[in-house]
Amino acid sequence: MSSTYRLAVVGTGGIANLHAEELRKHVPDRIELVAAVDPDTARLDAFKDKFGLDRGYASIEELLANEELDLVDLCTPPVAHGPGAIAALEAGVGVVCEKPRP
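Residues numbered from 1 in each chain as written. Predicted model: local features only at pLDDT ≥ 70, side-chain atom pairs only at ≥ 80, totals over all residues. Heavy atoms only, no water.

Draft legend 1. Region of the structure containing the pairing of strand β1 (residues 5-10). Here β1 pairs with strand β2 (residues 31-37) via 6 bridges, running parallel. Within the sheet, the bridge partner assigned to Tyr5 lies in β2 and is Ile31. Considered for its hand, the β-α-β crossover made up of β1, helix α1 (residues 14-26) and β2 is right-handed. (Pairing = 2+ DSSP bridges. Helix = DSSP H or I, 4+ residues; strand = E, 2+ residues; numbered from the N terminus. Right-handed = clockwise from strand over helix to strand, strands pointing away.)

What follows is the structure, encoded as structure tokens:
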């Protein structure tokens, strides 16, 4: 039985584009990219346009209050990984993070 996981990307800089492209390339039937987060409106809008997203948020807190998610992909600078991961986990959302920080 196959499951589709609802995922949001947090941070929409260069690595986020790579992550989203690779997820769509390798697991298109398992991941549904539903939203993105970035306080930089121009960067967020460009990411949304590129990946066909309707929803974007300025903060992870706003995202978690408005979306039903299975996963967040933290593509923020490493210093923000801890607070983002804690917020997501406290909301019951799994976390993908390539460079976790204590």
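Draft legend 2. Representation of the pairing of β2 within the structure. Across the 7 residues that make up β2, a large majority, 6, are buried. The handedness of the β2 to strand β3 (residues 55-57) crossover, carried by helix α2 (residues 41-51), is right-handed. (Buried < 20%, exposed > 50% of the residue type's maximum accessible area, 1.4 Å probe, protein only.)

Draft legend 3. How the structure looks around the sheet that holds β2. Here 5 strands make up an open sheet; going across it, the order is β3-β2-β1-β4-β5 and the pairing parallel. Each of the sheet's edge strands pairs with one partner strand only, and the pair in question is β3 and β5 (94-96). Averaged over all neighbouring strand pairs, the angle between strand axes comes to 30 degrees, with direction disregarded. Of the strands in this sheet, β1, β2 and β3 touch α2, which is tilted by about 160 degrees from β2. Those strands touched by helix α4 (residues 81-90) are β4 (71-74) and β5, and its axis lies near 175 degrees from that of β4. (Axes fitted to C-alpha atoms, helices over the stretch in contact; angles between N-to-C directions. Contact = heavy atoms within 4.5 Å.)

Draft legend 4. How the structure looks around the side chain of His19. Within the fold, His19 resides in helix α1. Only 2.8 Å separates the side chain of His19 from the side chain of Asp73, close enough to count as a polar contact. In this structure His19 touches Asp73, Cys75 and Glu98, once residues within four positions along its chain are discounted. (Polar contact = N/O pair within 3.5 Å; in protein donor to acceptor, adjacent residues only side chain to side chain.)

Draft legend 5. Structural context of the pattern of salt bridges. Evaluated as defined, the whole model comprises 6 salt bridges. Here Glu21 makes a salt bridge to Lys50, at a shortest N to O gap of 2.7 Å. Pair noted here: Glu21 is in helix α1 and Lys50 is in helix α2, with a separation of 29 residues, a long-range link. In this structure Glu21 comes out as partly exposed when scored by relative accessible area, which is 33%. Put simply, Arg6, Glu32, Arg55 and Glu67 are held in one network by salt bridges that share partners. (Salt bridge = Lys/Arg side-chain N within 4 Å of Asp/Glu carboxyl O.)

Draft legend 6. Representation of the nonpolar core within the structure. Of all hydrophobic cores here, the largest spans 16 residues; its most connected members are Val10, Ile60, Leu63, Leu69 and Val72. Within the residue set of this core, elements represented by two or more residues are β1, β2, α3 (60-66), β4 and α4. Dropping the residues within four chain positions of it, Leu63 is found in contact with Ala8, Val10, Ala35, Val37, Tyr57, Leu69 and Val72. Residues Val9, Ala20, Ile31 and Leu44 belong to the second largest nonpolar core, which totals 12 residues. (Core = buried A, V, L, I, M, F, W, Y, C linked by side-chain atoms within 4.5 Å.)

Draft legend 7. Layout of the side chain of Asp73. Mapping Asp73 onto the fold places it in strand β4. Beyond its immediate chain neighbours, meaning those up to four positions away, Asp73 contacts Leu7, Ala8, Val9, Val10, His19, Leu23 and Val96.

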